[in-house]
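# Observations on the model geometry
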Amino acid sequence: MSERTLRGKVAIAGIGETTYYKHGQSPDAEFKLALQAVLAACRDAGIDPKEVDGFASYGNDRSEAVRLAAALGIKELRFSNMHWGGGGGGVAASVANAAAAVHSGMANCVIAFRSLAQGQFARYGRGAAVAAAAGDDAFLFPYGLMSPAQRFAMKITRFMTEHGIRHEALRSIAMASYHHAQTNPRAVMYGRPLTEEKYDASRWIVEPFHRLFDCCQENDGAGAVLVVPADRAKDLPHKPTYLLGTAQGGHHRSAAPVHNAPDYASAHFPTVAKNMWAMAKLGPQDVDVVQAYENFTGGVLLSLVEHGFVDPKKANEFLVLENLLAPTGRMPMNTSGGNLAECYMHGLEMVNEAVRQLRGTACNQVPNPEVVAVLGGPMVTPVSSLVLGTEATL
Amino acid sequence: MSNALPPGLPAPAQEPVAKPYWEGTRAGKLVIQRCKGCGAHQWGPEWVCHRCHSFDLGWEEVAPRGRIWSWQRPHHPVHPALSGFGPYTIVLVELPDAGNVRMVGNLLCEPTAPVEIGAEVEAVFEPHDEADPPYTLVQWRLKG
């Protein structure tokens, strides 16, 4: 039996994004943002948008595939897919689903995208305005546990306390994103640097580990990538970036209700990371640049640990700013500014940045990278990750 | 005694799958799911036992005590009812007498009080008699 894998089978041929805005500042409707990002990705790939035959998204994206297909005059829709789960847990999964569709022959040319205008709809950072909380929330909301920061805070408290990891490690993660955003004109935090003093003086969102700058932004915008078969990518304008490995899901009962996941202090990547590295036939030591989704800096720590990038025993020593900066850090991370400082586009901006690094066109270019990992939204479930590489890695 | 948090937060929907729990709290008892097939404790409530797949889930009164597994202290108000209030303390409590299942509640303490993982706590039943339908929350305080 032939090996079942996506390794080297598909490529990201085009990337696109809109202008990124602070929440509430987009002059354009959310669906229009989605259209702009899709068209930009097609333009980048040199492919007629009418050739697109599939759409994959996540996070309950409101821009439905059929509406996109109708609005863009798509000739034939062959694949439409929504990945379960909230937040950015599905960012890599949307690319993986697009890849699976392309590789299996279900479709030829699939867009993975996210459009999100929090200013036009409910903001994630607010508790839902409901009279009665149902399901899991019935056991959480009445105690004032409502927002994503609060949902995840106790995982971080437990992990940091158990391993004696200091808040300064999280500060380095935040500062790396802000540092990289200062040379990225697309970044919402472009021109707004973060210093240690500013971070330390920022207000608590949730004690003991979430200050303001540990938390992602809320933004308006859209991002998209175009996935095609690997052999087709060779004839397109850009240097192809190949999918080497990807996985999604969660380990044993990671979604157990009311904070009862057996492995509680987790970003939910233990099995996902293992499966991704297995498909990629690579490990963390082979990665040149890391894009690690920040909903909260504590989640980045957990995610880095579970993907094998950081040993929790050495986290205090390793997670210092200089190690995380392009071009010369030991592990350049979130090189466009990430969710904290480029744009909270639910991680889609990180896939775009991974492609830019491999093409050699990033704002904070790491010299000649061959492998870039994108670690999707941590601590939600299901989660997902992927590894991309240049032709040399095939 | 005043409640842990100001009025106006969402009330719990007392859904069928969790009904015995809510009835228990009204009577000052901590009642959680326990599988009649294999004896596993289960929380939050679900229709099937995650261990043996029996649908014959019973409910059992358990000792209203536990240990702090983790904690947080929110400052930023995420709901209008919390504006100008806070910080307040949320704990995740492990119940050693019920297969170490965990419950979320507020720790009744000063907003600056240190909180320690592993500290022993006991349940405090907080009735909301004015609500329609009335309900009772389970809060926690350090064991004296």
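Position labels on residues start from 1 in each chain and follow its written sequence. Whichever chain is written first becomes A and whichever ligand is written first becomes 1, with later ones labelled in order. Reporting in this predicted model follows two pLDDT cut-offs: at least 70 for local features of residues, and 80 or more for side-chain atom pairs to be given and counted; totals over whole chains, interfaces and linings ignore these cut-offs and use all residues.

## Overview of the UniProt feature "domain: Thiolase C-terminal" (unreviewed entry) in chain A
To keep things clear, this is the line we draw: UniProt positions are given in the numbering used here, feature names are shortened, and annotations may be inferred rather than shown by experiment. The helix and strand labels rest on DSSP assignments: H or I over at least four residues marks a helix, E over at least two residues marks a strand, and numbering proceeds from the N terminus.
Mapped onto this numbering, the UniProt entry gives "domain: Thiolase C-terminal" (unreviewed entry) at residues 256-387 of chain A. In this annotation, residues 256-387 of chain A is assigned 35% helix and 11% strand; the end-to-end C-alpha distance for the span is 28 Å.

## Focus on the sheet that holds strand S2 (residues 31-35) of chain B
Residue and element names in this part refer to chain B. Put simply, the test is: Paired strands are those between which DSSP finds at least two bridges.
The sheet built from 3 strands is open, its strands ordered S3-S2-S4 with antiparallel pairing. Both edges of this open sheet fall to strand S3 (41-42) and strand S4 (57-61), since each of them pairs with a single strand only. Relative to S3, S2 runs antiparallel, the two sharing 2 bridges. Residue pairing across strands places Gln33 opposite Gln42, the latter belonging to S3.

## Here we look at the pairing of strand S5 (residues 110-117) of chain A
Residue and element names in this part refer to chain A. Defined as follows: Neighbour density around each residue's C-beta defines its exposure: 20 or more other C-beta atoms within 10 Å make it buried, 12 or fewer make it exposed, and counts between make it partly exposed, where C-beta atoms are placed from the backbone.
Of all 8 residues in S5, 8 are buried, a share of seventy percent or more. As paired strands, S5 and strand S9 (residues 219-229) are joined by 8 bridges and run antiparallel to one another. Its bridge partner being in S9, Leu116 is matched across the sheet by Gly221.

## Remarks on the interface of chain B and chain A
As a reminder, the rule being used: Two residues qualify as being in contact provided that their C-beta atoms, derived from the backbone, are within 7 Å of each other. Under this grouping Gly is polar, as are all residues other than the nonpolar Ala, Val, Leu, Ile, Met, Phe, Trp, Tyr, Cys and Pro and the charged Asp, Glu, Lys and Arg.
Of the residues lining the interface, 35 residues belong to chain B; the matching set on chain A comes to 35 residues. Of all the secondary structure elements, the ones that give two or more residues to the side of chain B that touches chain A are strand S1 (11-12), strand S5 (65-74), strand S6 (90-95) and strand S7 (101-106) of chain B. In terms of residue class, the side of chain B that touches chain A is built from 22 nonpolar, 9 polar and 4 charged. Two elements, strand S6 (residues 132-133) of chain A and S1 of chain B, share 2 bridges in a ladder whose sense is parallel. Among the inter-strand pairings, Ala133 of chain A is bridged to a residue of S1 of chain B, identified as Pro12 of chain B.

## Observations regarding helix H5 (residues 167-181) of chain A
Formally: Every helix has an expected span of 1.5 Å times one less than the residues it contains.
Given a rise of 1.5 Å per residue, 15 residues ought to cover 21 Å, and the 22 Å separating the end C-alpha atoms of H5 of chain A matches this to within 8%. With 13 of 15 residues buried, H5 of chain A lies mostly within the body of the structure.

## A look at unusual backbone geometry
Residue and element names in this part refer to chain A. Put simply, Ala326 and Pro327 share a cis peptide bond, and its omega is 0°. Among the secondary structure elements, Pro327 is positioned in the loop between helix H11 (321-324) and helix H12 (338-342). For the bond from Thr381 to Pro382, the omega torsion is 0°, close enough to zero to count as cis. Residue placement: Pro382 occurs in the loop between strand S12 (371-375) and strand S13 (383-389). Positive phi outside glycine occurs at His259, with the angle close to 60°. One can find His259 in the loop between strand S10 (241-249) and helix H8 (270-280). A count of 23 C-beta atoms within 10 Å places His259 in the buried class. One non-glycine residue, His268, adopts positive backbone phi at about 80°. Within the secondary structure, His268 is located in the loop between S10 and H8. A count of 27 C-beta atoms within 10 Å places His268 in the buried class.

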